[in-house]
Amino acid sequence: MTTNRLLVIGNWKMNLDFVEAVHLGQQIGVILKNRPAEHTDIVVVPPFVDLRSVTSIVDSERIAVDIGAQHVSANDNGAFTGEISTSMLKRLGVTWVLVGHSERRTMYHMDDEVVARTLRAVVASGLNVVLCVGEGGDVRDNDEQNDFVSAQLHSALGGLDEKYIEQVTVAYEPIWAIGTGRTAEGEQIRAMTRHIRSVLSAMGMAGRRVLYGGSVSPENAASIITEGGVDGFLVGGASLVAEKFLAIIQACDGCYAGKR
Ligand code: PEP
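This report concerns the structure included in the present document. What you see is a predicted model; the values in this text were computed from it and never measured. (Residues numbered from 1 in each chain as written. Predicted model: local features only at pLDDT ≥ 70, side-chain atom pairs only at ≥ 80, totals over all residues. Heavy atoms only, no water.)

What follows concerns the pattern of salt bridges. Taken as a whole and judged by the stated rule, the model has seven salt bridges. Ionic pairing is found between Lys13 and Glu103, a salt bridge with its closest N-O pair at 2.8 Å. Linking Lys13 in the loop between strand 1 (6-11) and helix 1 (18-34) with Glu103 in helix 4 (residues 102-107), this pair joins segments that are 90 residues apart in sequence. When its relative accessible area of 23% is taken as the criterion, Glu103 is described as partly exposed. (Salt bridge = Lys/Arg side-chain N within 4 Å of Asp/Glu carboxyl O. Helix = DSSP H or I, 4+ residues; strand = E, 2+ residues; numbered from the N terminus. Buried < 20%, exposed > 50% of the residue type's maximum accessible area, 1.4 Å probe, protein only.)

Here we take up the side chain of Ser85. Position of Ser85 among the secondary structure elements: in the loop between strand 3 (66-69) and helix 3 (86-91). Owing to a relative accessible area of 4%, Ser85 belongs among the buried residues under this scheme. Sequence-distant contacts of Ser85, that is, excluding residues within four places in its chain, are made with Val72, Asn75 and Asp76. (Contact = heavy atoms within 4.5 Å.)

Enumeration over the complete set of coordinates arrives at one aromatic pair. Centre to centre, the rings of Tyr172 and Tyr212 are 6.3 Å apart; their planes meet at 55 degrees, and the pair counts as tilted. Here Tyr172, found in strand 6 (residues 168-172), pairs with Tyr212, found in strand 7 (residues 210-212); they are 40 residues apart in sequence, far enough to count as distant. The exposure class of Tyr172 is buried, given its relative accessible area of 1%. The exposure class assigned to Tyr212 is buried, which follows from its relative accessible area of 0%. (Phe/Tyr/Trp six-rings, centres within 6.5 Å; stacked < 30°, edge-to-face > 60°.)

Right, let's talk about a negative patch on the surface for a bit. Together, Asp138, Asp141, Asp143, Glu144 and Asp147 make up a negatively charged patch on the protein surface. You can see Glu144 is positioned in the loop between helix 6 (137-141) and helix 7 (145-157). (Patch = residues over 30% accessible without salt bridge, like charges linked within 9 Å, V, L, I, M, F, W, Y side chains within 5 Å. Areas by Shrake-Rupley, 256 points an atom, 1.4 Å probe, with all protein chains shown as cover. Lys, Arg positive; Asp, Glu negative; His and termini not counted. Charge placed at Lys NZ, Arg CZ, Asp CG, Glu CD.)

What follows is the structure, given as C-alpha cells:
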C-alpha cells in the first residue's frame, strides 16, 4: 500500500537534554492541538537518552506524532559498547529509524555495507526506515550526482525482500545543503526526486515516499514541495523550534491539494 500523505521528520540530532526535549514535545503538542495537520504525517527524532521521556509525553498528551531514532546497531545484542538495538527501540515505542544519515556516514565511518546491514535489521524488526542518500559538493560539481545516488540506493536496497518495501522511505539530502543554509534549487531537487523515483521503480519499489532535507525552513518549504515534487521533508535545525517546525508542516499541508 502506498500513501498520498506527506511526511515531515524532525531530526533533533545531538541537541536537547530530556527536560528540554519534553518541553519541545509539549510545545509541538499545543500547536498541533490548535491546528492539527490534516494531510501530513509527523515524526520527531530525539537523541537516544530523550526517547523514553518523549514517548511518555506523546502518549500521555496524545500528541499526533510518531517517534524515531537517529541510529541503531545492525546487530541484535551482545558486545557492542555504546550501541542500541532495534528491540530496545521498539520497547520504547519508537517506530522509525534514520539510516545512513550523511553525518553518520562521514563522521562515524558508516559505509554502504553497514548501511545495508542496518537497514535490513530495521525492517526485519518491523520498524520503518528512512534511508538517507545524497552527494557531496564535489560530486555535484562534477555532475555525477545521479550515478552517486543510484549507487547508494542499489547498495542499500538491492535484493530487499518484497515484504519490507512498505517500510521504506527515502530522504534525499545533498550534503552541501545540510546545516549550511544553502538549499538546493527547486529544479535540482525535482530532477533528483524524479531520478530517485525511477531507480526505485526499476527496483520494484514504486510509490515510496521521497523526502528532501537540507536547510529546509518555513520560508522555503512550500516552494520546495511544489517545485521539487517531494513528499515531505527531513528537517534538522528548524525542527528544534516548535513554531518553525509546525510552520513547515503547515506549509506542507497547504500544498497538499495542489500536489495531489
Ligand atoms: C538533516 O540533518 O537531516 C538536515 C537536513 O539538517 P538541516 O535541516 O539543519 O540542514
